[in-house]
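Residue-level listing of the chains:
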Amino acid sequence: EPEVTQTPSHQVTQMGQEVILRCVPISNHLYFYWYRQILGQKVEFLVSFYNNEISEKSEIFDDQFSVERPDGSNFTLKIRSTKLEDSAMYFCASSERAGVTYNEQFFGPGTRLTVL
Amino acid sequence: EDQVTQSPEALRLQEGESSSLNCSYTVSGLRGLFWYRQDPGKGPEFLFTLYSAGEEKEKERLKATLTKKESFLHITAPKPEDSATYLCAVDYGGSQGNLIFGKGTKLSVKP
């Protein structure tokens, strides 16, 4: 069964450093998302992406964040200068359709980011 | 502000003891309501999508229903392996269908 994969599973970094989180969406999906979940809190939307452009972004997704689809399979989230409060689980998701019904989003296993 | 509220926050059941989880929502233009299962340290695992009031979906011991204001996830004769956090999320109709999640219900099923 096709699934979303993410690497690394755990990333530890120093405050102020740049990190890149990687995702491989399900192969026939065209719509991509990043969400995050701070420990003990709810899953929060960060950004959605389609056709090499950001569709929507939340208030959390400030200038320190960027997304890219560098090739036909990978989808990345970059945090330019990490802060302590960026520590969270980051989930990538993909869907076959969007903006209509039957637009189920399938999530990856997540990357746990720890900022020291 | 669009809101998704789940109750209870935690639920402890004995194996075989049926119960229901609730998800109430106040979003305009609901385009879909989704149930996910999340195990500790893992990503949300898709369970069901519901699109219109009156709709029902079933999978093994789980049954999801939808009204105009809320959804229920009914668990019939649960087993210990059903222990997980169950998340409700709504597509509020944004351009790409971004999801608003509730805080989840942590279900523990004791043998």
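Placed above this text is the structure.
(A) Fine view of the environment of Val 109 of chain B. All names here are of chain B. In this fold, Val 109 is placed in strand S11 (residues 105-110). In the structure, Val 109 is positioned 96 residues away from Leu 13 in sequence and 4.8 Å away in space, judged by C-alpha atoms. In this structure, Val 109 is in contact with Leu 13, Gln 14, Glu 15, Pro 78, Lys 79, Pro 80, Asp 82 and Ser 83, ignoring residues within four places of it in sequence.

(B) Broad picture of the interface of chain B and chain A. Each side of the interface is counted separately: chain B has 23 residues, and chain A has 28 residues. Per-residue buried area on chain B facing chain A is highest for Tyr 51, Gln 96 and Phe 101 of chain B; these three make up 32% of the total on that side. Counting across the chain B and chain A interface gives 0 salt bridges. Contributing elements (two or more residues each) for the side of chain B that touches chain A: strand S4 (32-38), strand S5 (45-50), strand S9 (84-91) and strand S10 (99-101) of chain B. Considering each element in turn, the side of chain B that touches chain A owes the most residues, 3 residues, to S4 of chain B. Residues that form the side of chain B that touches chain A fall into these classes: 9 nonpolar, 10 polar and 4 charged.

(C) View of the sheet that holds strand S6 (residues 56-59) of chain B. All names here are of chain B. Taken in spatial order, the 5 strands make up an open sheet running S1-S3-S8-S7-S6, and their pairing is antiparallel. Both outer strands of the open sheet, strand S1 (3-7) and S6, are each paired with one neighbouring strand and no more. Sheet twist, expressed as the average angle between the axes of neighbouring strands with direction ignored, equals 15 degrees. As defined by bridge partners, S1 adjoins strand S3 (residues 19-26) across 5 bridges and the pair is classed as antiparallel. Bridge pairing in S3 links Val 4 to Tyr 25.

(D) Up close: the pattern of salt bridges. Residues and elements named next belong to chain B. Enumeration according to the criterion identifies 6 salt bridges over all chains in this entry. Asp 82 is paired through a salt bridge with Arg 61; the nearest N and O atoms lie 2.8 Å apart. Of this pair, Asp 82 sits in the loop between strand S8 (70-75) and S9 while Arg 61 is found in the loop between S6 and strand S7 (62-66), placing the two residues 21 residues apart along the sequence.

(E) Inspection of the state of the cysteines at higher detail. Considering all chains together, one arrives at 2 disulfides over all chains under this definition. Each sulfur of the disulfide joining Cys 23 of chain A and Cys 92 of chain A lies 2.0 Å from the other. On the sign convention where negative is left-handed, the bridge of Cys 23 of chain A and Cys 92 of chain A, at about -60 degrees about the S-S bond, is left-handed. Separated by 69 residues along the polypeptide, Cys 23 of chain A in strand S3 (residues 19-24) and Cys 92 of chain A in strand S9 (residues 88-95) bring together distant segments of the chain. For the pair formed by Cys 23 of chain A and Cys 92 of chain A, the shared burial category is buried. Two residues share a disulfide in this structure: Cys 23 of chain B and Cys 88 of chain B, whose sulfurs sit 2.0 Å from each other. Taking the sign of the S-S torsion, -60 degrees for the link of Cys 23 of chain B and Cys 88 of chain B, the bridge is left-handed.

(F) Quick peek at the nonpolar core. Grouped together as the largest cluster of nonpolar side chains are 24 residues, with contacts concentrated most on Leu 33, Trp 35, Leu 73 and Tyr 86 of chain B. Those elements giving two or more residues to this core turn out to be strand S2 (10-14), S3, S4, S5, S7, S8, S9 and S11 of chain B. With 4 residues, the top contributor of residues to this core is S9 of chain B. Of all hydrophobic cores here, the second largest spans 22 residues; its members include Trp 34, Val 47, Phe 61 and Val 115 of chain A.

(G) Here's a closer look at the packing of aromatic side chains. Residues and elements named next belong to chain B. In total, this model carries 15 aromatic pairs over all chains according to the counting rule given. Consider the rings of Tyr 36 and Phe 46, whose centres lie 5.9 Å apart with planes at 75 degrees: the pair is edge-to-face. Note that Tyr 36 is positioned in strand S4 and Phe 46 in strand S5, a separation of 10 residues in sequence. The same class applies to Tyr 36 and to Phe 46, which are both buried.

(H) Quick peek at unusual backbone geometry. With an omega of -10 degrees, the peptide bond running from Thr 7 of chain A to Pro 8 of chain A counts as cis. Relative to the assigned elements, Pro 8 of chain A resides in the loop between strand S1 (5-7) and strand S2 (10-13). Cis geometry is adopted by the peptide bond preceding Pro 8 of chain B, which originates at Ser 7 of chain B and carries an omega value of -10 degrees. Tracing the backbone shows Pro 8 of chain B in the loop between S1 and S2. In the Ramachandran plot, Asn 52 of chain A falls in the positive-phi region, its phi being about 65 degrees despite a non-glycine side chain. Here Asn 52 of chain A shows up in the loop between strand S5 (44-50) and strand S6 (53-57). Among the residues examined, Asn 52 of chain A registers a relative accessible area of 57% and is labelled exposed.

Calculation criteria
- Residues numbered from 1 in each chain as written.
- Chains lettered and ligands numbered in written order.
- Predicted model: local features only at pLDDT ≥ 70, side-chain atom pairs only at ≥ 80, totals over all residues.
- Heavy atoms only, no water.
- Helix = DSSP H or I, 4+ residues; strand = E, 2+ residues; numbered from the N terminus.
- Contact = heavy atoms within 4.5 Å.
- Buried area = accessible area lost by both parts, 1.4 Å probe.
- Salt bridge = Lys/Arg side-chain N within 4 Å of Asp/Glu carboxyl O.
- Nonpolar A, V, L, I, M, F, W, Y, C, P; charged D, E, K, R; others polar.
- Pairing = 2+ DSSP bridges.
- Axes fitted to C-alpha atoms, helices over the stretch in contact; angles between N-to-C directions.
- Disulfide = S-S within 2.5 Å.
- Buried < 20%, exposed > 50% of the residue type's maximum accessible area, 1.4 Å probe, protein only.
- Core = buried A, V, L, I, M, F, W, Y, C linked by side-chain atoms within 4.5 Å.
- Phe/Tyr/Trp six-rings, centres within 6.5 Å; stacked < 30°, edge-to-face > 60°.

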